[in-house]
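# Fold and contact review
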Amino acid sequence: MELFYKLYDEHEKVKVRFIGFTTEDTRYDFGIIYTNMFFGKPLVVCMQTGRSTLLDPKDIEDIEHLQTVFRIQDQQQALDLAEFFKSALPEMPFVTEYD
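These numbers come from a predicted model, not from an experiment. (Residues numbered from 1 in each chain as written. Predicted model: local features only at pLDDT ≥ 70, side-chain atom pairs only at ≥ 80, totals over all residues. Heavy atoms only, no water.)

### Details of helix α2 (residues 63-70)
Buried residues of α2: I63, L66, Q67, V69 and F70, and no others. In this structure, the buried side of α2 is in contact with β2 (27-34), β3 (43-46), β4 (52-54), α1 (57-61) and α3 (75-88). Residue R71 follows α2 closely and has a positive phi angle near 50 degrees. (Buried < 20%, exposed > 50% of the residue type's maximum accessible area, 1.4 Å probe, protein only. Helix = DSSP H or I, 4+ residues; strand = E, 2+ residues; numbered from the N terminus. Contact = heavy atoms within 4.5 Å.)

See below:
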C-alpha cells in the first residue's frame, strides 16, 4: 500500500513581494506570494513569526480573523494591519479551481 497519495504537485513562477513597515507601536515584515493557486488569494507570511494565511479583500475586513491568524492582542494594531493589506493586496476576482 502506498503511504502518500499526491493531491497536487504544481510548479508555477510567482511574484513575491517582501515588505517591512512600522506603525506607531509595531514593526511588521511580510512576504506576500501572488499565485494562481488557492482561488487567487495571495499567501501572506509574517517573516517574524512564520504565521501565514491566505487573504482576500473580505478576509481583510474581518479584524478578528486578522487578530487570530497573526496573534495580535491589540485591536488597533489589527486595524492598522488591515489598512496596510487593503493597499498592498490586489482585488482579485474569484477563480474556480474545482469543477
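### Here's the deal with the pattern of salt bridges
One pass over the full model with this rule turns up four salt bridges. Salt bridges sharing common partners tie together K41, D56 and D59. (Salt bridge = Lys/Arg side-chain N within 4 Å of Asp/Glu carboxyl O.)

### What about the side chain of Q67?
Inspection of the secondary structure assignment puts Q67 in helix α2. Polar contacts involving the side chain of Q67 include one to the main-chain carbonyl oxygen of Q73, which spans 3.3 Å. Excluding residues within four positions of it along the chain, Q67 makes contact with I72, Q73, D74, Q75 and A78. (Polar contact = N/O pair within 3.5 Å; in protein donor to acceptor, adjacent residues only side chain to side chain.)

### Regarding the pairing of β2
The buried count for β2 comes to six of eight residues, which makes it a mostly enclosed element. Pairing of strand β1 (residues 15-22) with β2, which is carried by eight bridges, proceeds in the antiparallel orientation. Paired with V16 across the bridge in β2 is I33. As judged from the four bridges shared by β2 and β3, these two strands associate in the antiparallel manner. Residue pairing for β3: I32 is matched across the bridge by V44. (Pairing = 2+ DSSP bridges.)

### What about the packing of aromatic side chains?
Scanning the entire structure with this criterion turns up nine aromatic pairs. When the centroid spacing of 5.3 Å and the interplanar angle of 65 degrees are considered together, the rings of F30 and F85 count as edge-to-face. Taken together, the residues F30 in strand β2 and F85 in helix α3 connect sequence positions 55 residues apart. Accessibility assignment for this pair places F30 and F85 in one class, buried. Taken together, the aromatic side chains of F21, Y28, F30, F70, F84 and F85 make up a single cluster linked through ring pairs. (Phe/Tyr/Trp six-rings, centres within 6.5 Å; stacked < 30°, edge-to-face > 60°.)

### Some words on the nonpolar core
F30, V44, F70, L81, F85 and L89 are the most contacted members of the largest nonpolar core, which totals 22 residues. If you list the elements that add at least two residues to this core, you get β1, β2, β3, α2 and α3. For this core, the element with the highest residue contribution is α3, accounting for six residues. Beyond its immediate sequence surroundings of up to four residues, V44 is in contact with F30, G31, I32, R51, S52, T53, L55, F70, F85 and L89. (Core = buried A, V, L, I, M, F, W, Y, C linked by side-chain atoms within 4.5 Å.)

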